[in-house]
Amino acid sequence: MGVSGRNNDEHMSSVTVTLPDGSTLDVESGATVEDVAFEIGPGLGRDTVAGKIDGELVAKEAPITEDCEIEIVTEDSDEYLDALRHTAAHVLAQAILRNHPNAKLTIGPYTEEGFYYDVANVELDADDLEAIQAEAEDIIDADYDVERVAYDREDALETYEDNAFKREILETEAAGEDPVSFYRQDGFEDLCKGPHVDSTGEIGGFEVLETSAAYWRGDEERETLTRVYGTAFPTEDELEQYLERREEAKERDHRKLGSEMDLFSIPDVTGPGLPLYHPAGKTVLRELSDYVHGLNRDMDYEEVETPHLFRTELWKQSGHYDNYVDDMFLLDVNDEEYGLKPMNCPGHATIFDQSSWSYRDLPVRYFEDGKVYRREQRGELSGLSRVWAFTIDDGHVFARADQIEEEVRRIMTSSWRSWTPSASTTRWRSRRDRRSPSAATRSGRSPSPSSGTCSTSRTSTTTSNPATARSTARRSTSRSRTRSAARGTARPSSWTSTCRTAWTSSTRGRTTRPTSP
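Residues numbered from 1 in each chain as written. Predicted model: local features only at pLDDT ≥ 70, side-chain atom pairs only at ≥ 80, totals over all residues. Heavy atoms only, no water.

Draft legend 1. Spotlight on the overall build of the chain. On a plain count of helices and strands, the chain comes out with 15 helices and 22 strands. Scored against the burial criterion, the 517 residues of the chain give a buried share of 44%. Counting only contacts in the chain whose residues sit at least 6 apart along the sequence, the fraction spanning at least 24 positions is 71%. With the model as given, the accessible surface of the chain reaches about 26,800 Å², and the carbon-plus-sulfur share is 46%. (Helix = DSSP H or I, 4+ residues; strand = E, 2+ residues; numbered from the N terminus. Buried < 20%, exposed > 50% of the residue type's maximum accessible area, 1.4 Å probe, protein only. Contact = heavy atoms within 4.5 Å. Areas by Shrake-Rupley, 256 points an atom, 1.4 Å probe, with all protein chains shown as cover.)

Have a look at this one:
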């Protein structure tokens, strides 16, 4: 590895790295991602920001100690945005400490839409966020170099003598690491394994967004922290586009629409995560339920109903108890433990088990519009997207092993048809044409299936940065560091979920147990 200045002793052990094009390269064990990039070519070495080892994003300083697949990350890679936002999280942390020296830093990862940093020993209001924003912009304008430094383990522990959160990280995620990786910019240092961009000035657009409460380690029994959210992009224009989309999304937020259209409410008096559906909201639910019932009947599923409550012995028998007990609502009834059902699987299996079946009777298909209860952490509850009580269209198939392939094919075909706009819209309209106008329509409201569309937000906001909603005029002059080549905007994520669990059975009572709901 002459380019990196490593000793090319022929007795030095080597490892083989596989590149994205399938070619391989032998390098010294312990060579870094950056070393590999220089071995491929000097230009790539100079452009290296980070790397991916067996699919995991790592710092360019990460050593390679065994055979692996490797990918070099440059400014043109999708992962560059992750590294840039990771650096932006450190800029946020440095700005917080400049304004609130007594704050205790915990963790600050990048996310799909930006980044956040959890801090303790500080409460922040809107004015604080504006001051932090201004401080962060100063740090970015200063264009500080971002450098990786390594400390002996004892020195690292001493650095965080007064920060129990960082010491816990050193004793868990970083247990056994010696030396320990830190990243430094100006006089600020943070325990971190990377990756990061080379300087704070690479951040073209930066915005502090809002705060919320969060639990340390996501455990509601642990300390309550202040989570500060932000986002960052390589250019100011990309930030502006994101903020405009964000404001538009707020107008479409199902929580806002739910209130305006009188669809549902979640009052404090009834408890968190327990929505009340008003007449118009129930109309939407009924239409959705009728539509799904039709799909199930077309698929030859038989409707069943199970109670909201079971003895926990059933959950232990099915195997769910060990995996889901922490997310269940448990009750003591006459010295027996009961639980509100978080899924319908064991109930359907028990119904099947009440009869004797011939192999000729299979497959047997059950479905249920069942109310289930899951004890999500309070900090994750948000409108209808994360709740404690919700209705799930749940189905289970009891089939012979030779029938599974066909059952899966039927399920996938039905799922595809139900999500095809032309098919689902035609079915929806034909069903509504046979019904009288709903109460909501007669009252002047216009509920529709999309009225209850769930937001993907997972934590409730307590404080927003007022500067975020201001006119984009103040950004008309781009910073000199803005990159000339505009990158793609924040990567969207979407999901759909259609679940049918296929179980095999040859005789009564010999069903396989599900491992997940």
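Draft legend 2. Focus on the nonpolar core. In this structure, L92, I203 and F206 are the most contacted members of the largest nonpolar core, which totals 38 residues. Put simply, the parts of the chain that give this core at least two residues each are α3 (80-99), β7 (115-120), α4 (126-142), β11 (205-215), β12 (224-233) and α7 (236-252). No other element matches α3, which puts 11 residues into this core. The next biggest cluster of nonpolar side chains, apart from the first, holds 15 residues, and it includes V15, V27, A37 and V58. (Core = buried A, V, L, I, M, F, W, Y, C linked by side-chain atoms within 4.5 Å.)

Draft legend 3. Structural view of the side chain of H100. Checked against the element boundaries, H100 lands in the loop between α3 and β6 (104-105). Apart from residues no more than four positions distant in its own chain, H100 is found in contact with V122, L124 and D128.

Draft legend 4. Just the pairing of strand β19 (residues 364-373), in detail. Along β19, 8 of the 10 residues are buried, which leaves the element largely enclosed by surrounding structure. Sheet topology places strand β15 (residues 302-303) next to β19; 2 bridges connect them, and they run parallel. Note on β19: the bridge partner recorded for E302 is Y366. (Pairing = 2+ DSSP bridges.)

Draft legend 5. Geometry of unusual backbone geometry. With an omega dihedral of 10°, the bond running from D178 to P179 counts as a cis peptide bond. Topologically, P179 is positioned in the loop between α6 (164-171) and β9 (180-185). One non-glycine residue, D186, adopts positive backbone phi at about 55°. We classify D186 as partly exposed; its relative accessible area is 43%. Located in the positive-phi region is D300, a residue other than glycine, with phi close to 65°. Structurally, D300 is set in the loop between α9 (279-298) and β15.

Draft legend 6. Broad picture of a nonpolar patch on the surface. A cluster of nonpolar side chains, namely Y277, L285 and L288, defines an oily patch on the protein surface of about 210 Å² accessible area. Structurally, L288 can be placed in helix α9. With relative accessibility at 32%, the residue L288 sits in the partly exposed group. (Patch = residues over 30% accessible without salt bridge, like charges linked within 9 Å, V, L, I, M, F, W, Y side chains within 5 Å. Salt bridge = Lys/Arg side-chain N within 4 Å of Asp/Glu carboxyl O.)

Draft legend 7. Structural view of the layout of surface pockets. Roughly 500 Å³ of volume is contained in the second largest pocket. Of all elements in the fold, only β4 (56-59), β8 (147-151) and β9 reach the threshold of two or more residues within the lining of the second largest pocket. When residues in the lining of the second largest pocket are grouped by element, the largest group, 4 residues, is from β4. For the lining of the second largest pocket, the class distribution of residues is 11 nonpolar, 3 polar and 8 charged. (1 Å grid on protein atoms, 1.4 Å probe; cavity = no way out; pocket = protein on both sides within 12 Å on 5 of 7 lines; lining within 4 Å. Points joined across faces, edges and corners; volume = space filled by probe spheres on them. Nonpolar A, V, L, I, M, F, W, Y, C, P; charged D, E, K, R; others polar.)

Draft legend 8. Fine view of the packing of aromatic side chains. The final tally for this structure, using the stated rule, is 11 aromatic pairs. On the basis of an interplanar angle of 35° and a centroid distance of 5.6 Å, the ring pair of F115 and F206 is categorised as tilted. Highlighted residues: F115 in strand β7 and F206 in strand β11, separated in sequence by 91 residues. The pair formed by F115 and F206 is uniform in burial state, with each residue classed as buried. Ring pairs connect the aromatic residues F352, W357, Y366 and F398, which therefore count as one cluster. The cationic tip of R227 hangs over the ring face of Y116; the distance from NZ or CZ to the ring centre is 3.9 Å. If you follow K316 out to its NZ or CZ, it ends over the ring of Y321, 5.0 Å from the centre. (Phe/Tyr/Trp six-rings, centres within 6.5 Å; stacked < 30°, edge-to-face > 60°. Lys NZ or Arg CZ within 6 Å of the ring centre and 35° of its normal.)

Any functional reading would require information that these geometric values do not contain.
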